[in-house]
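# Report on the structure
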Amino acid sequence: MIDTPKHQGLRKQLVKLIEEKGISSKKVLQAISTVPRHLFMDSGFVEFAYIDKPYPIGAEQTISQPFTVAFQTELLEVEEGDKVLEIGTGSGYQTAVLIELKAKVYSIERQQELFKKTKLRLPKLGYQAKSLVFGDGYKGLSEHAPFDKIIVTAGAPIIPKALLSQLAIGGRMVIPVGEEIQTMMVIIRKSETEFEKHEHGSFRFVPLLKDKN
Ligand code: SAH
């Protein structure tokens with residue numbers, strides 16, 4: 001499968017919709033208009049790639065809704081060269097959006113099936129993450145910390161302590177917190193011990209799951 005003018009046209013319409021829904025960052029809108037979402041979808045859902053909804057990607061997981069990806073990415077305020085930790089690689093779509101923004105991306109996925117599929121997919125589409133890790137996002141990636149930015153793409157019942165400790169001072173984390181429904185939170189690390197928190201509305205994500213072991 002390839003990217004065609006038809007796909008590009010559909011993406012333009014999607015970007016317009018996302019802009020109307022309140023995303024204003026030009027950089028983020030540009031990234032959404034560049035990443036071929038249809039190449040991150042399961043074959044049965046490809047025709048819906050440019051509809052603003054989440055879809056199944058296997059292992060009971062979903063590719064996030066494009067608006068949600070744009071919203072979280074905008075809140076993350078990615079700068080070129082930022083070291084970004086993503087929890088929940090899933091399809092790799094969000095990873096690709098971060099790479100479009102010239103971030104150095106480290107991403108963790110706990111479902112073996114998705115991890116394997118996405119590890120092959122991303123480089124094939126020209127997206128080179130710094131590191132794709134099969135593991136438990138609750139633990140973060142201490143060997144590569146600190147991170148300028150951390151983005152969690154599954155609903156976290158609690159804010160994992162390890163992630164707070166792996167955030168650089170001055171860094172920011174975007175994380176949906178809650179059980180059934182999540183509050184989108186931005187956490188800014190002010191000092192070794194101080195964290196500032198801001199709330200940005202309600203969302204519904206698949207849950208951030210505990211380690212299987
Ligand atoms: N960013 C993804 C969203 C996938 S949905 C995309 O754009 O497609 C959330 C993902 O988080 C799922 O793939 C799920 O398997 C993963 N996940 C859930 N719990 C996790 C954990 N503890 N550690 C790492 N990944 C986790």
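Residues numbered from 1 in each chain as written. Predicted model: local features only at pLDDT ≥ 70, side-chain atom pairs only at ≥ 80, totals over all residues. Heavy atoms only, no water.

### Focus: the pattern of salt bridges
- Under the definition given, this model contains 10 salt bridges.
- Among the salt bridges present, the one from Lys21 reaches Asp52, with a minimum N-O distance of 2.6 Å. With Lys21 in the loop between helix H1 (5–20) and helix H2 (26–34) and Asp52 in the loop between H2 and strand S1 (55–58), the pair connects residues that are 31 residues apart, well separated along the chain.
- Assessed through its relative accessible area of 42%, Lys21 is described here as partly exposed.
- Among the residues examined, Asp52 registers a relative accessible area of 8% and is labelled buried. (Salt bridge = Lys/Arg side-chain N within 4 Å of Asp/Glu carboxyl O. Helix = DSSP H or I, 4+ residues; strand = E, 2+ residues; numbered from the N terminus. Buried < 20%, exposed > 50% of the residue type's maximum accessible area, 1.4 Å probe, protein only.)

### A closer look at the pairing of strand S8 (residues 182–189)
- Counted residue by residue, S8 has seven buried out of eight residues, so it is predominantly covered.
- Connecting strand S7 (residues 167–177) to the next strand, S8, in antiparallel fashion are four residues, including Gly178 with a positive phi near 145°.
- Adjacent in sequence and paired antiparallel, S8 and strand S9 (residues 195–203) are bridged by five residues. (Pairing = 2+ DSSP bridges.)

### Here's the deal with the site of the ligand
- Neighbouring the ligand are 27 residues; Gly88, Ser91, Glu109, Gly137 and Leu209 lie closest to it.
- At 2.6 Å, a side-chain N or O of Ser91 approaches an oxygen atom of the ligand.
- Gly137 is positioned such that a nitrogen or oxygen atom in its backbone is 2.7 Å from a nitrogen atom of the ligand.
- With the chains in place, 100% of the 580 Å² that the ligand exposes on its own is no longer accessible.
- Counting only elements with at least two residues in the shell around the ligand, the list comes to strand S2 (61–63), strand S3 (83–87), helix H4 (93–100) and strand S4 (104–109).
- Tallying contributions element by element places S2 first for the shell around the ligand, with three residues.
- Taken together, the residues of the shell around the ligand break down into 11 nonpolar, 12 polar and four charged. (Near = heavy atom within 4 Å. Polar contact = N/O pair within 3.5 Å; in protein donor to acceptor, adjacent residues only side chain to side chain. Areas by Shrake-Rupley, 256 points an atom, 1.4 Å probe, with all protein chains shown as cover. Nonpolar A, V, L, I, M, F, W, Y, C, P; charged D, E, K, R; others polar.)

### Looking at the sheet that holds S9
- The mixed open sheet is built from seven strands, whose spatial order is S5-S4-S3-S6-S7-S8-S9. The open sheet has two free edges, formed respectively by strand S5 (131–134) and S9, since each of these has just one partner strand. If you compare each strand with its neighbour and ignore which way they point, the axes differ by 15° on average.
- Pairing between S8 and S9: seven bridges, direction antiparallel. Looking at S9, one finds that Val186 is bridged to His198.
- The sheet strands contacting helix H3 (residues 66–76) are S3, strand S6 (147–152), S7, S8 and S9, and the helix crosses S7 at an angle near 155°.
- Helix H5 (residues 112–124) rests against S4 and S5 of the sheet, and its axis sits at about 165° to S5. (Axes fitted to C-alpha atoms, helices over the stretch in contact; angles between N-to-C directions. Contact = heavy atoms within 4.5 Å.)

### Digging into the nonpolar core
- Core analysis: the largest hydrophobic core is formed by 45 residues, its most contacted members being Ile18, Ile23, Ile32, Phe40 and Tyr93.
- Mapped by element, the contributors of at least two residues to this core are H1, H2, S1, H3, H4, H5 and S8.
- At six residues, H3 tops the list of elements feeding residues into this core.
- Counting 21 residues, the second largest nonpolar core, distinct from the first, contains Leu141, Phe147, Leu164 and Met173. (Core = buried A, V, L, I, M, F, W, Y, C linked by side-chain atoms within 4.5 Å.)

### Considerations on H1
- Across its 16 residues, H1 extends 23 Å between first and last C-alpha, which sits within 8% of the 22 Å expected from 1.5 Å per residue.
- Each element contacted by the buried residues of H1 is listed here: H2 and H3.
- Just downstream of H1 lies Gly22, where phi reads positive at about 120°. (Expected span 1.5 Å × (residues − 1).)

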